[in-house]
Amino acid sequence: MHQVTDSHDELFARFEQLNEIGAALSSERDIGRLLERILVAAKSITGAEAGTLYRVTEDGKALRFSIALNDALGLALGGASGRLADFPDLPLFDAAGEPNHALVAAHAALTGETVNIPDAYSAVGFDFSGTRQFDRRTGYRSQAFLTVPMKNHENEIIGVLQLINPRDAETNAIHAFTPADQHLAESLASQAAIALTNRQLIDQLETLFESFIRLINLAIDEKSPYTGGHCQRVPELAMMLAEAVNRTQSSPLADFTLSPADLHELKIAALLHDCGKVTTPVHVVDKATKLQTLFDRIELIDTRFEVVKRDVQIATLRRLLELRAAQNAEAEAACWESLQRELDELDAERDFLRAVNRGSEAMRPEDQQRVRDIGTQRQWRNPAGVETDFLDGDEIENLTIRSGTLTTREREIINHHIVATIRMLEALPWPKHLKHVPEYAGGHHERMDGRGYPKGLTREQMSLPARLMGIADIFEALTAKDRPYKPAMKLSQALAIMEKFAANGHIDPDLFEVFVREKVWLRYAQTFLAPEQIDLMNWPAV
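Residues numbered from 1 in each chain as written. Predicted model: local features only at pLDDT ≥ 70, side-chain atom pairs only at ≥ 80, totals over all residues. Heavy atoms only, no water.

What to know about empty space enclosed by the protein
Over the atoms rolls a probe the size of a water molecule, and its path tells where empty space is left.
Next, step 1: Per the counting criterion, the structure on display carries two cavities of 30 Å³ or more.
Next, step 2: The calculated volume of the largest cavity comes to roughly 50 Å³.
Next, step 3: As for the largest cavity, its lining consists of 13 residues, and the residues nearest its centre are Glu446, Met448, Arg467, Gly470 and His506.
Next, step 4: Looking at the lining of the largest cavity residue by residue, the class counts come to six nonpolar, four polar and three charged. (1 Å grid on protein atoms, 1.4 Å probe; cavity = no way out; pocket = protein on both sides within 12 Å on 5 of 7 lines; lining within 4 Å. Points joined across faces, edges and corners; volume = space filled by probe spheres on them. Nonpolar A, V, L, I, M, F, W, Y, C, P; charged D, E, K, R; others polar.)

Below, the structure is given as structure tokens:
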């Protein structure tokens, strides 16, 4: 039994236990598990069979239930148990704004003083009616209470620790909390409050940091709604694939596991993987057609065709006027036919240029030559009245782009975003647990065969999270339904392309195997793709 004064050996052992508990609390990252460890430690160090932990609400007006444990009843609510209890908050002030000293937990929070009650049923000055109702409902007997305020390093009350019914180790009899129990509980509460405050501060800083990252993505989104959606979706897909890697048990990656800290680091890298796009000109990022800059220059070419058609019509009318005196019906008819042929030819050339301006996967060489012929053989009179080539060199270069809508120079501008991303991220003083963020974020355009950019890394030179980022980035880009330069791709087509990429050294084949087998692609599709894109539910077909 705990005596009023413990022996030196007992006190020394309990202080040693207190020190061990303090070290353990400082290493816990999860708030729920931290709260549970605090309460379990307090019960252990005082011999209590039950306890509750409350936290002060953000507005400072009430105590909110966080966790309750009762060994006798087999009760575990809150914390890491996953079982939530709908307990009302304990008000620190009454309706008139006066301090609520009737509730012992509220009193401890208001005064900062520990309350040690040998028997709640005979206690004077506190309202234990709720305790009595609980006992009647459960058959329990709540007797000894030790209510300890939790003060942080700034002497602020952030919570209340309430312990109930310490039992003698030998007789199992309930007794009052001893002065040693109270002293140890107060020391533990102080350490716990500091550990909890530090954990909350770290969580708040991490939340602020993630919010700042999302602010950068919002800035990219404001520049371009197309890339902005990409910046939001790639992290989601990356985390889905990372969790699938952790689940897999039958691939070369079965022994590889990403810890919670690793997953957090990957998430930050995924959120920042395209931050360099803040430096990319919008008219390049959003280039939906070959001739687009700040506007689509195909409209200028349309105007030139109208000018040429006008000139053709005027020339024909002049010839007709010259024939008017001769009244040569045959010659006039020939003029009209010639005019119509020229107008039809001009319309065909205009439709052709408008079609090739939209871009394609692979422009035919004969179509590229036709653009050059129209550009140099067709003439038009510019606003200065000078006969000149119908297309200038820049327009011919853009309209003959073999694949997509970007010229080589513009593609280099786009590709520079990853260089900018790496430079920006490497310039930041990353803490130890986030030191790989620049590597992970900067590796999503590398290839397994070393033919990627910007560093030309091979599979062996890349970490698994960096290789994982590449798959997330490519699959999102293939299936994105908000790109201005291509229609939304169906799942079957995107997966077939990804399969080729895995076979030809573009993406990691082991990661792609997990991506397929764990149906990461389907989970992502059901969340982010349009229904018409989901043309299969099982791939490959079996």
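Focus: the pairing of strand β7 (residues 157–166)
Next, step 1: Most of β7 is tucked away, with nine of its 10 residues classed as buried.
Next, step 2: Alignment of strand β1 (residues 48–56) against β7, held across seven bridges, turns out to be antiparallel. The residue bridging Ala50 from the neighbouring strand is Ile164, located in β7.
Next, step 3: Across seven bridges, the pairing between strand β6 (residues 145–151) and β7 is antiparallel. Looking at β7, one finds that Pro149 is bridged to Val160. (Buried < 20%, exposed > 50% of the residue type's maximum accessible area, 1.4 Å probe, protein only. Helix = DSSP H or I, 4+ residues; strand = E, 2+ residues; numbered from the N terminus. Pairing = 2+ DSSP bridges.)

A few points about unusual backbone geometry
Next, step 1: Pro454 follows Tyr453 through a cis peptide bond whose omega is 10°.
Next, step 2: Summarising the element assignment, Pro454 is placed in the loop between α14 (437–442) and α15 (464–479).
Next, step 3: For Lys519, which is not a glycine, the phi torsion comes out positive at approximately 55°.
Next, step 4: Mapping Lys519 onto the fold places it in the loop between α17 (509–517) and α18 (520–528).
Next, step 5: Taking relative accessible area as the criterion, Lys519 reaches 26% and is therefore assigned partly exposed.

Observations regarding the pattern of salt bridges
Next, step 1: The tally for this structure, following the rule as stated, stands at 27 salt bridges.
Next, step 2: The partner of Asp347 in a salt bridge is Arg350, with the nearest N and O atoms 3.3 Å apart. Here the residue Asp347 and the residue Arg350 both occupy positions in helix α10 (residues 329–357), the gap between them amounting to three residues, near one helical turn.
Next, step 3: With a shortest N-O distance of 2.8 Å, Arg459 and Asp508 are connected by a salt bridge. Highlighted residues: Arg459 in the loop between α14 and α15 and Asp508 in the loop between α16 (491–503) and α17, separated in sequence by 49 residues. (Salt bridge = Lys/Arg side-chain N within 4 Å of Asp/Glu carboxyl O.)

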